[in-house]
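# A structural walkthrough
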Amino acid sequence: LNADTILEKFPAVKILLAGEGKLLEECRQMAERSIYKDRIIFTDEVSDPEKYYPLLDIYVFPSLWEGLSISLIEAMASSKCILTSGIPANKELIKDNHNGLIFNVFSKHEYLLKLEELITDKKLRLKLSQQAEKDSLKYSENEMTEKIQNEYLKLMQ
């Protein structure tokens with residue numbers, strides 16, 4: 001399995017790559033070599049992600065390193081089905097098969113199997129995205145402000 005296999009198997013699938021990073025150029029080169037390059041879209045850095053979430057059925061977050069990700073919380077709040085790498089910070093937000101799917105970032109095979117599962121199982125996508133939206137409320141501005149204030153109050157005592 002590889003990305004071309006997914007694109008070949010599912011003609012309606014398009015890939016939107018947003019952001020920048022040290023692997024961006026490698027991704028561009030791989031896309032350029034693909035016979036499906038017309039279905040791979042690069043946006044570079046995005047300053048208005050809220051405009052992109054409605055375009056997505058599956059939000060893939062393959063980060064190798066991350067703090068608590070605002071973009072992952074935004075995708076959850078936008079009721080997106082999430083497929084994310086299993087790094088510790090992501091596991092704070094996503095519980096496998098509860099509000100998203102988690103994959104081993106070093107296993108391309110596992111990633112592609114889970115991606116294919118999400119593409120083919122609309123019922124699963126809906127279940128995960130609805131739960132992600134509910135769980136995102138734990139990270140609302142009001143909730144987070146209250147938690148931070150409580151921590152400061154504890155420190156001051």
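Above this text sits the structure in question.
Now for a description of the structure that goes with this document. Throughout this description, residue numbers start from 1 for each chain and increase along the sequence as written. The predicted origin of the model limits local features to residues at a pLDDT of at least 70 and limits the giving and counting of side-chain atom pairs to 80 or more, whereas totals for whole chains, interfaces and linings rest on all residues. Just so you know, side-chain values use all the structure's heavy atoms and leave hydrogens and water out.

### Some points on the overall build of the protein chain
The helix and strand labels rest on DSSP assignments: H or I over at least four residues marks a helix, E over at least two residues marks a strand, and numbering proceeds from the N terminus. Secondary structure summary: the protein chain contains seven helices and five strands in total. When the elements of the protein chain are put in sequence order from the N terminus, they spell out α-β-α-β-β-α-β-α-β-α-α-α. Projected onto its principal axes, the C-alpha positions of the protein chain cover 65 × 35 × 30 Å. Note on exposure labels: buried denotes an accessible area under 20% of the residue type's maximum, exposed denotes more than 50%, and partly exposed covers the range between, all computed with a 1.4 Å probe on protein chains only. By residue count, 33% of the 157 residues in the protein chain fall in the buried class. Contacts in the protein chain between residues at least 24 apart in sequence constitute 55% of all its contacts with a sequence separation of at least 6. Reported accessibility uses the Shrake-Rupley method at a 1.4 Å probe radius. Residues are deemed covered only where the shown protein chains occlude them. A total accessible area of about 10,400 Å² is found for the protein chain, and carbon and sulfur atoms account for 54% of it. Residues counted as positive are Lys and Arg, residues counted as negative are Asp and Glu, and His and the chain ends are not counted. Here the site of a charge means atom NZ of a Lys, CZ of an Arg, CG of an Asp or CD of a Glu. Of the charged side chains in the protein chain, 21 are positive and 26 negative, and the gap between their average positions amounts to 5 Å. We call two residues in contact when some of their heavy atoms are within 4.5 Å.

### Re the environment of proline 88
With respect to the helices and strands, the residue proline 88 is situated in helix α4 (residues 88–93). Among the residues examined, proline 88 registers a relative accessible area of 65% and is labelled exposed. C-alpha of proline 88 to C-alpha of glycine 67: the two residues are 21 residues apart in sequence and 8.8 Å apart in space.

### With respect to the pattern of salt bridges
What counts as a salt bridge is simple: a side-chain nitrogen of Lys or Arg found within 4 Å of a carboxyl oxygen of Asp or Glu. Taken as a whole, this structure holds seven salt bridges when the rule is applied. Among the salt bridges present, the one from glutamate 116 reaches lysine 9, with a minimum N-O distance of 2.4 Å. With glutamate 116 in helix α5 (residues 108–120) and lysine 9 in helix α1 (residues 3–9), this pair connects stretches of sequence that are 107 residues apart. Look at lysine 9 and you get partly exposed, because its relative accessible area is 48%. For lysine 114, the salt bridge identified is with aspartate 96, shortest N-O distance 3.6 Å. Taken as a pair, lysine 114 in helix α5 and aspartate 96 in the loop between α4 and β5 (101–103) lie far apart in primary sequence, 18 residues in all. The class of lysine 114 is buried, set by a relative accessible area of 16%. Salt bridges here are not isolated pairs; linked through shared partners, they connect Asp96, Glu110 and Lys114.

### Structural notes on the packing of α5 against helix α6 (residues 122–136)
One can describe the packing of α5 onto α6 by two numbers: an axis separation of 5 Å at closest approach and a directional angle of 100 degrees. On the basis of their axis angle, the class for α5 and α6 is roughly perpendicular. Across the interface between the two elements, Glu117, Leu118, Ile119 and Thr120 of α5 pack against Lys122, Leu124, Arg125 and Leu128 of α6. When grouped by side-chain class, the residues that make up the contact of α5 with α6 number four nonpolar, one polar and three charged. Axis geometry follows a simple rule: fit a line to the C-alpha atoms, using only the stretch in contact for helices, then measure angles between N-to-C directions, giving values from 0 to 180 degrees. Just so you know how the angles are binned, under 35 degrees is roughly parallel, over 145 roughly antiparallel, 65 to 115 roughly perpendicular, and the rest oblique. Under this grouping Gly is polar, as are all residues other than the nonpolar Ala, Val, Leu, Ile, Met, Phe, Trp, Tyr, Cys and Pro and the charged Asp, Glu, Lys and Arg.

### Quick look at the sheet that holds strand β4 (residues 81–85)
Each strand in a sheet pairs with another by means of backbone hydrogen bonds, the pair being arranged parallel or else antiparallel. Note: two strands are recorded as paired if DSSP finds a minimum of 2 bridges between them. Spatially, β3-β4-β5 is the arrangement adopted by the three strands of the open sheet, whose pairing is parallel. Pairing within the sheet leaves two strands with one partner each, and these edge strands are β3 (58–61) and β5. The average angle at which neighbouring strand axes cross in this sheet is 15 degrees, direction not considered. With three bridges joining them, β4 and β5 adopt parallel strand pairing.

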